[in-house]
Amino acid sequence: MTSTWSEFLSQRWSRWLDRRIPRSRSVTLSQRQIFIFPSRTGFFFALCLLVMLIAAINYQNNMSYALTFLLANLFVVAVLHTYANLSGLTITAVSADDAFAGQRSGFHLRFSSTNKRGHNALVVGWPEAKEARRRRRLFSGLLSSPAMVAAEEIDIAPTQTQDLVLHIPVGTRGWYRPDRLRIESTYPLGLLRCWTWIDLDFRALVYPAPSVSAEPEGAAGDALDGRWLSGAGDDEFYGIRDYRAGDNLRRVYWKGLARGQSLQTKDYASAIADARWLEWEQFSGLDNERRLSALCHWVLDYHRREFEFGLRIPGIELAPASGDRQRDAALRALALFGVTEGSVTS
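As the structure is a prediction and not an experimental result, all values here were calculated from the model.

Draft legend 1. How the structure looks around helix α7 (residues 324-335). End to end, α7 covers 16 Å across twelve residues, agreeing with the expected 16 Å (1.5 Å per residue, within 8%). Within the span of α7, buried status applies to Gln326, Ala330, Leu331, Ala333, Leu334 and Ala335. Elements in contact with the buried residues of α7: β4 (99-100), β9 (174-176), β12 (204-207), α6 (288-304), β17 (308-313) and β18 (316-321).

Structure representation (structure tokens):
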């Protein structure tokens, strides 16, 4: 019952947060996006003020009254300065690095200061995994900062821009979109904690995790898939070159010699099959995810050995080619196999 009630409150909170701070590529923080609450130090400070006030009332001591109200005014002023430290900060999603399942992806952020005060001691990071958040009560983070992954502390100079890359673990293959980014600060006195949750509109492409397997049978293509190798075989006439000692006399270009040309030799070429085909059926004994992991391994291996290779999986066929572009196209096809449009993990 308690778990159900907690999940209900969490869902209501998430829907309210989505309406208040919707997903965007760039966000400039204002009163609508910023939350502020006393920190543990702030609550202890308030308790001390209460004790001082009781003592001042009990002893009717004017100096105690003055010190108590002076410190109370300091607390009020700290509210304004703590809020101003986040207000006016612009956060922009720049890009996200592709990664393999189980690894970390780099998310590139840009912070810009639009005021003359700057922003100090900002802690930036993503909340901990969902599984861990489910074990935490909805409002348990009010008194202390919730755990974050890939947290970094930065300072933004007035009217300046600073780039930051946060590396976080990604989930399964497909598109991965991180949770809401958390930015918080207790500057300048640590009495209050000011924070925001923003939903930046960017995502990383996650490839299948490569899995070592035996090279599939029939991966090597036929001669039509490969290239021509000069000086090997008798398949096709390749051209005329200067005679070299040891050349077969049957290949000497006698007609040219009869016309007064230098001694030359006819050169022939043979087609070699250096193009490979990676096909879905070659790994029939594996389930879909393990097939994709095995194919991913051989895509990377063939690219490393500079082989031409093609890819055939249900619904997709890539013609044989080589180079980074072919590798990236093949990895993208494997990553998005069976992934519906708009489907994103987080």
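Draft legend 2. Broad picture of the sheet that holds strand β16 (residues 275-279). Pairing is mixed across the open sheet formed by three strands, whose spatial order is β16-β17-β18. Every other strand in the sheet has two partners, leaving β16 and β18 as the edge strands with one partner each. Direction aside, neighbouring strands of the sheet carry axes that sit 15° apart on average. Both β16 and β17 contribute to a ladder of five bridges, which runs parallel. Across the sheet, the residue bridging to Trp277 is Gly310, located in β17.

Draft legend 3. Highlighting the pattern of salt bridges. Counting across every chain of the model gives 13 salt bridges. Here Arg177 ties to Asp201 by a salt bridge, and the two come within 3.7 Å at their closest N and O atoms. Residue Arg177 is found in the loop between β9 and β10 (181-185), and its partner Asp201 is found in the loop between β11 (192-198) and β12; the two are separated by 24 residues along the sequence. In this structure Asp201 comes out as partly exposed when scored by relative accessible area, which is 32%. Here Arg182 ties to Glu184 by a salt bridge, and the two come within 3.0 Å at their closest N and O atoms. Judged on exposure class, the residue Arg182 and its partner Glu184 are both buried. Each of Arg182, Glu184 and Arg193 takes part in a single network of salt bridges with overlapping partners.

Draft legend 4. Quick peek at the nonpolar core. Grouped together as the largest cluster of nonpolar side chains are 35 residues, with contacts concentrated most on Ile91, Phe111, Val124, Leu181, Ile198 and Leu200. Those elements giving two or more residues to this core turn out to be β3 (89-96), β5 (104-113), β6 (119-127), β7 (148-156), β8 (161-169), β10, β11 and β12. Within the second largest apolar cluster, 24 residues are counted, among which are Tyr207, Trp298, Leu331 and Phe337.

Draft legend 5. View of unusual backbone geometry. A cis amide bond links Tyr187 with the next residue in sequence, Pro188, at an omega value of 10°. Inspection of the secondary structure assignment puts Pro188 in the loop between β10 and β11. One non-glycine residue, Gln60, lies in positive phi territory at about 50°. Gln60 gets classed as exposed once you look at its relative accessible area, which sits at 55%.

Draft legend 6. Layout of the packing of aromatic side chains. Evaluation of the coordinates by the stated rule reveals 18 aromatic pairs. Ring geometry for Trp16 versus Phe35: centroids 6.2 Å apart, planes at 55°, classification tilted. Of this pair, Trp16 sits in helix α1 (residues 2-20) while Phe35 sits in strand β2 (residues 35-38), and the two are 19 residues apart along the sequence. Three or more aromatic residues joined by ring pairs form one cluster here, namely Trp13, Trp16, Phe35, Trp195 and Trp197. Its guanidinium or amino end placed over the ring of Trp277, Arg312 lies 3.6 Å from that ring's centre, counting from NZ or CZ.

Draft legend 7. Looking closely at the packing of helix α2 (residues 40-59) against helix α3 (residues 62-86). Packing of α2 against α3 brings their axes to within 9 Å, and their N-to-C directions diverge by 155°. Between α2 and α3, the angle is such that the two are roughly antiparallel. In terms of crossing hand, the pair formed by α2 and α3 is left-handed. Residues Gly42, Phe45, Leu49, Met52, Leu53, Ala56 and Ile57 of α2 touch α3, and the partners they reach there are Ser64, Tyr65, Leu67, Thr68, Phe69, Leu71, Ala72 and Phe75. Here the residues of the contact of α2 with α3 sort into twelve nonpolar, three polar and no charged.

Draft legend 8. Spatial organisation of α2. The end-to-end C-alpha distance of α2 is 29 Å, a good match for the 28 Å that 20 residues give at a rise of 1.5 Å each. Among the residues making up α2, those that are buried are Gly42, Phe45, Leu49 and Ala56. Projected down its long axis, α2 shows its buried positions confined to an angular sector of 55°, all on one face. Opposite the buried face of α2, by more than 90 degrees, sit the exposed residues Arg40, Phe44, Val51, Ile54 and Asn58. Where α2 is buried, its residues contact α3.

Draft legend 9. Structural view of the pairing of β10. Of all five residues making up β10, five are buried, and the element is well covered by its neighbours. The two faces of β10 match: Leu181, Ile183 and Ser185 on one face and Arg182 and Glu184 on the other face are all buried. Pairing of β6 with β10 involves three bridges; the strand directions are antiparallel. Its bridge partner lying in β10, Val124 is registered against Ile183. By the bridge criterion, five bridges tie β10 to β11 in an arrangement that is antiparallel. Bridging across to β11, Ile183 finds its partner in Thr196. Where β10 folds back onto β11 in an antiparallel hairpin, the turn is made up of six residues, including Gly190, whose phi is positive at roughly 80°.

Basis of the calculations
- Residues numbered from 1 in each chain as written.
- Predicted model: local features only at pLDDT ≥ 70, side-chain atom pairs only at ≥ 80, totals over all residues.
- Heavy atoms only, no water.
- Helix = DSSP H or I, 4+ residues; strand = E, 2+ residues; numbered from the N terminus.
- Expected span 1.5 Å × (residues − 1).
- Buried < 20%, exposed > 50% of the residue type's maximum accessible area, 1.4 Å probe, protein only.
- Contact = heavy atoms within 4.5 Å.
- Pairing = 2+ DSSP bridges.
- Axes fitted to C-alpha atoms, helices over the stretch in contact; angles between N-to-C directions.
- Salt bridge = Lys/Arg side-chain N within 4 Å of Asp/Glu carboxyl O.
- Core = buried A, V, L, I, M, F, W, Y, C linked by side-chain atoms within 4.5 Å.
- Phe/Tyr/Trp six-rings, centres within 6.5 Å; stacked < 30°, edge-to-face > 60°.
- Lys NZ or Arg CZ within 6 Å of the ring centre and 35° of its normal.
- Parallel < 35°, antiparallel > 145°, perpendicular 65-115°, else oblique.
- Left-handed = near helix turned anticlockwise from the far one by under 90°.
- Nonpolar A, V, L, I, M, F, W, Y, C, P; charged D, E, K, R; others polar.
- Arc of directions from axis to C-beta.

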